[in-house]
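Residue-level listing of the chains:
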Amino acid sequence: MKKFLSLALATAMTISLVACGKGNTPSSGSASGSDASADKIKITYANTVADANPQAISANYMAERLNELSGGRIEMTVFNNNKLGAFSDCFQQMQLPNGTVQMGDVSSGSVTQFSELLTPFALPFLFSSMEQSFNYFDNGETIKAIEEEFLKQTNVRILGYFYNDARALTNSKHVVDSPDDCAGLKLRVMTSDVYIKTFEALDAAPIGMQFSELFSALQQGAVDGQDNGLLLSMDSKFNEVQGYYTDLGHVQDTSVIFISEAVWQSLSEEDRAIVQQAADDAVKHNRDLCKEKLDSYLEEMKKTMEVTILTDEQRAAFKEACQPVYDWYREAYPDYDLDAIMADIEKY
């Protein structure tokens, strides 16, 4: 992948012009040509989060913007909370020429079975802050190169990045404020080798599992805890089956907005611009909403869970304990130019 990044970065300005809006558009029939622009375009959109989650709210906002910008021609129906099944199945539908799902969003770590290109962004403590991650995903040269290669590998196009919160840690056993406290905890993680290696480095017992199975696994004690962020944990009512929360912040997570390339190619240039604008507007809506909700959600969580806010020194201990994950990653993915990505992130 060093090869692809080198080549892609050489044309980053070109990619930037094409992808600066990360545009994409949905369609239910032929959407090319002037006659097609008058046809009704229907899109089915899937995600994994509860209706009250900022991602779900912003997906519905995207649907509203599509309707407004297109004068009612583009109609998107959003299915939250895994209503269309596991997201892996929905993503496969996006890869098909006439799949039943045309758009959706999910954490980047949830699509590693389809492409490894987004795996670096699950590395622990890669980003120093929420704002740094926003600036990188919006402007980074390496992420634009990755998007182009991802499209070639999967036949699915990336439109933008919702904020999926800083990932944290909840469990039903005890307070976690040092790496040693993770030892032996059975923790649900995404089916991503990077997440698994991260918690193995902390001597926990990570278990890869679909998000749709998580609440019942926590309720029944099949796992002791999980590592979703504050917003998703509260919206998913994990506080009803967990007792302890730690603001670990090991990943500044994104939920990637995808669109079927077959649908994208069927759209007129006008409709592509509309879809991109709606996605861009929804991303801003999502990030603003997340910032608004974080403080109030934390206060609500404190009513039912013991909350641990790490000091800088405590967080540094977790970061140090996770450094072997980077050594493993470089060995496991020798063709991936991780240093170029990290240098690009440092610009922001």
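Scroll up to find the structure.
Residues numbered from 1 in each chain as written. Predicted model: local features only at pLDDT ≥ 70, side-chain atom pairs only at ≥ 80, totals over all residues. Heavy atoms only, no water.

Asks: Explanation requested: the overall build of the chain in the structure shown.
Replies: Along the backbone of the chain there are 15 helices and eleven strands. Partitioning the intrachain contacts of the chain with sequence separation of at least 6 by distance along the chain shows that 77% fall at a separation of at least 24. (Helix = DSSP H or I, 4+ residues; strand = E, 2+ residues; numbered from the N terminus. Contact = heavy atoms within 4.5 Å.)

Asks: Would you mind going over unusual backbone geometry with me for this structure?
Replies: Note on backbone geometry: most residues besides glycine have negative phi, and most peptide bonds are trans. Even without being a glycine, Asn82 presents a positive backbone phi close to 60 degrees. With respect to the helices, strands and loops of the structure, Asn82 is situated in the loop between strand S2 (74-79) and helix H5 (87-95). Asn82 gets classed as buried once you look at its relative accessible area, which sits at 16%. Look at Lys237: it is not a glycine, yet its phi comes out positive at around 60 degrees. Relative to the assigned elements, Lys237 resides in the loop between helix H10 (230-235) and strand S9 (244-246). (Buried < 20%, exposed > 50% of the residue type's maximum accessible area, 1.4 Å probe, protein only.)

Asks: Teacher, can you tell me more about the packing of aromatic side chains here?
Replies: In this description, a pair of aromatic rings is defined by centroid distance and the angle of the planes. Scanning the entire structure with this criterion turns up 19 aromatic pairs. It is Arg272 that lies over the ring of Trp264; its NZ or CZ is 4.8 Å from the centre. In this structure, Arg287 packs its charged tip against the face of Phe134, placed 4.4 Å from the ring centre. (Phe/Tyr/Trp six-rings, centres within 6.5 Å; stacked < 30°, edge-to-face > 60°. Lys NZ or Arg CZ within 6 Å of the ring centre and 35° of its normal.)

Asks: Explanation requested: the pairing of strand S3 (residues 103-107) in the structure shown.
Replies: Residues in a regular strand point their side chains to alternate faces of the sheet. Taking burial as the measure, the five residues of S3 include five buried ones, the bulk of the element. In this structure, strand S1 (residues 41-46) lies alongside S3, joined through two bridges in parallel fashion. Bridge pairing links Ala46 to Gly104 in S3. (Pairing = 2+ DSSP bridges.)

Asks: Explanation requested: the sheet that holds strand S4 (residues 156-166) in the structure shown.
Replies: The strand order across the open sheet formed by five strands is S2-S1-S3-S10-S4, and the pairing between neighbours is mixed. The open sheet has two free edges, formed respectively by S2 and S4, since each of these has just one partner strand. For this sheet, the mean angle separating the axes of adjacent strands, direction not counted, is 20 degrees. Across the sheet, helix H4 (residues 54-69) touches S1, S2, S3, S4 and strand S10 (252-260), and the angle it forms with S2 is around 165 degrees. (Axes fitted to C-alpha atoms, helices over the stretch in contact; angles between N-to-C directions.)

Asks: I keep staring at the nonpolar core and nothing clicks. Help me out?
Replies: Most often, soluble globular proteins have nonpolar side chains that are buried together. In terms of nonpolar packing, the biggest core is built from 53 residues, with Phe121, Phe150 and Phe258 touching the most fellow members. Apart from residues lying up to four places away in sequence, Phe150 is in contact with Phe91, Val111, Ser115, Leu117, Leu118, Asn155, Val156, Ile158 and Phe258. Ranked by size, the runner-up nonpolar core spans 24 residues in total, among them Ile41, Leu66, Leu159 and Ala279. (Core = buried A, V, L, I, M, F, W, Y, C linked by side-chain atoms within 4.5 Å.)

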